[in-house]
Amino acid sequence: MAKISVQNIAQAISDFTKGKSGSDLDIACKETLKFLNKKKLLNRSNEILDSVGKIIDKEDGVVRIKVLSAKNLDGHQKKEIEENIKQKYGAKEIVSEYIEEKELLGGMKITIGEEVLDTTYRNKLDQLATHLINN
């Protein structure tokens with residue numbers, strides 16, 4: 001018997017619930033839960049829901065970013081980051097999370113899906129140390 005991938009399940013759930021609301025959506029969700037229970041996939045529900053969320057975000061043009069910085073960013077800096085991400089990824093909307101992490105020393109680490117842009121001083125120091133040790 002072939003295994004069903006989380007991505008395939010997520011796409012099926014997205015397709016099955018698309019355009020539904022109210023009692024129709026309630027019924028669709030109950031049927032989805034019955035299916036996941038029957039296939040013994042309830043233990044992977046967080047992973048499946050995460051994948052459904054990514055599919056919906058992609059369809060809606062939403063890009064989620066997480067920005068770690070050594071100091072708190074002001075509104076202008078946040079807006080500039082979000083506008084650059086919008087242009088680069090063709091996003092309609094940016095959902096952002098900003099976290100201050102003093103351990104980074106300086107710079108920023110921006111996570112966009114699976115992609116990471118790390119311009120932190122901590123990362124540059126680590127790269128320099130690795131280079132000096134290996135040469």
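These lines cover the structure that appears in this document, whether it is placed above or below. Numbering of residues starts from 1 in every chain and runs along the sequence as written. The model is predicted, so local features are restricted to residues of pLDDT at least 70 and side-chain atom pairs to those at 80 or more, both for listing and for counting; the totals for chains, interfaces and linings are taken over all residues. In computing side-chain values, all of the structure's heavy atoms are included and hydrogens and water are not.

Under the scheme used here, helices are H or I runs from DSSP no shorter than 4 residues and strands are E runs no shorter than 2 residues, and both carry numbers assigned from the N terminus. Counting through the fold element by element, Ser 69 comes out in strand β1 (residues 62–69). The cut-offs for exposure are 20% and 50% of the maximum accessible area for each residue type, with area from a 1.4 Å probe on protein chains only; residues under the lower value are buried, those over the upper are exposed, and the others partly exposed. Owing to a relative accessible area of 4%, Ser 69 belongs among the buried residues under this scheme. Separated by 2.6 Å, the side chain of Ser 69 and the backbone oxygen of Lys 71 make a polar contact. Beyond its immediate sequence surroundings of up to four residues, Ser 69 is in contact with Ile 99, Glu 100, Glu 101, Leu 104, Gly 107 and Met 108. Here a polar contact is recorded for every N or O atom pair within 3.5 Å, except that within protein the pair must consist of a potential hydrogen donor and a potential acceptor, and residues adjacent in sequence are included only if both atoms are side-chain atoms. Residue contacts are defined here by distance: any two heavy atoms, one from each residue, within 4.5 Å place the two residues in contact.

What follows is about a nonpolar patch on the surface. A grouping of Leu 105, Tyr 121, Leu 125, Leu 128 and Leu 132 is seen on the molecular surface, where their side chains present a nonpolar patch of about 520 Å² in accessible area. Residue classification places Leu 132 among the exposed positions, given a relative accessible area of 58%. A residue counts toward a patch only above 30% relative accessible area and without a salt bridge, and it is joined to like-charged neighbours within 9 Å or, for Val, Leu, Ile, Met, Phe, Trp and Tyr, to nonpolar neighbours within 5 Å. To measure how exposed things are, a 1.4 Å probe is used in the Shrake-Rupley method; for residues, cover is taken only from the protein chains shown. Throughout this description, the term salt bridge denotes a Lys or Arg side-chain nitrogen within 4 Å of a carboxyl oxygen of Asp or Glu.

This paragraph deals with the nonpolar core. As a rule of thumb, nonpolar side chains are buried together in soluble globular proteins. The set of buried Ala, Val, Leu, Ile, Met, Phe, Trp, Tyr and Cys residues whose side-chain atoms join them within 4.5 Å is what this entry labels a nonpolar core. With ten residues, the main nonpolar core is built from Val 63, Ile 65, Val 67, Leu 73, Ile 81, Ile 85, Ala 91, Ile 94, Ile 110 and Ile 112. In terms of residues, this core owes the most to one element, β1, which gives three residues. Not counting residues within four places of it along the chain, the set of residues in contact with Val 67 comprises Leu 73, Ile 81, Glu 97, Tyr 98, Ile 99, Met 108, Lys 109 and Ile 110. One finds Ile 9, Ala 10, Leu 36 and Ile 55 within the second-largest nonpolar core, a separate group that totals nine residues.

A separate point is the environment of Ile 4. In this fold, Ile 4 is placed in the segment before α1 (6–17). For Ile 4, a relative accessible area of 42% puts it in the partly exposed group. Here the alpha-carbon distance between Ile 4 and Lys 39, two residues 35 residues apart in the chain, equals 9.5 Å. In contact with Ile 4, not counting residues within four places along its chain, are Ile 9 and Phe 35.

Should the charged atoms of two oppositely charged side chains come close, the side chains can pair. All told, the structure shown has nine salt bridges when counted by the stated rule. For the salt bridge of Lys 34 with Glu 31, the shortest nitrogen-to-oxygen distance reads 3.4 Å. A residue pair is termed a helical-turn pair when its members lie 3 or 4 positions apart in one helix, as Lys 34 and Glu 31 do in helix α2 (residues 22–38) at three residues. Shared partners join several salt bridges into a network, and the residues in it are Asp 50, Lys 54 and Glu 114.

Strand order in the open sheet formed by four strands is β2-β1-β3-β4, with mixed pairing between adjacent strands. Single-partner strands in this sheet number two, and they are β2 (93–100) and β4 (115–118). Adjacent strand axes in the sheet meet at a mean angle of 15° when their direction is disregarded. In this sheet, β2 lies alongside β1 in parallel orientation, the contact comprising eight bridges. Residue pairing in the sheet places Ser 69 in a bridge with Glu 100 of β2. Strand pairing follows a simple DSSP-based rule, namely that at least 2 bridges must link the two strands. Axes here mean lines fitted to C-alpha atoms, for a helix over just the part in contact, with angles spanning 0 to 180 degrees between N-to-C directions.

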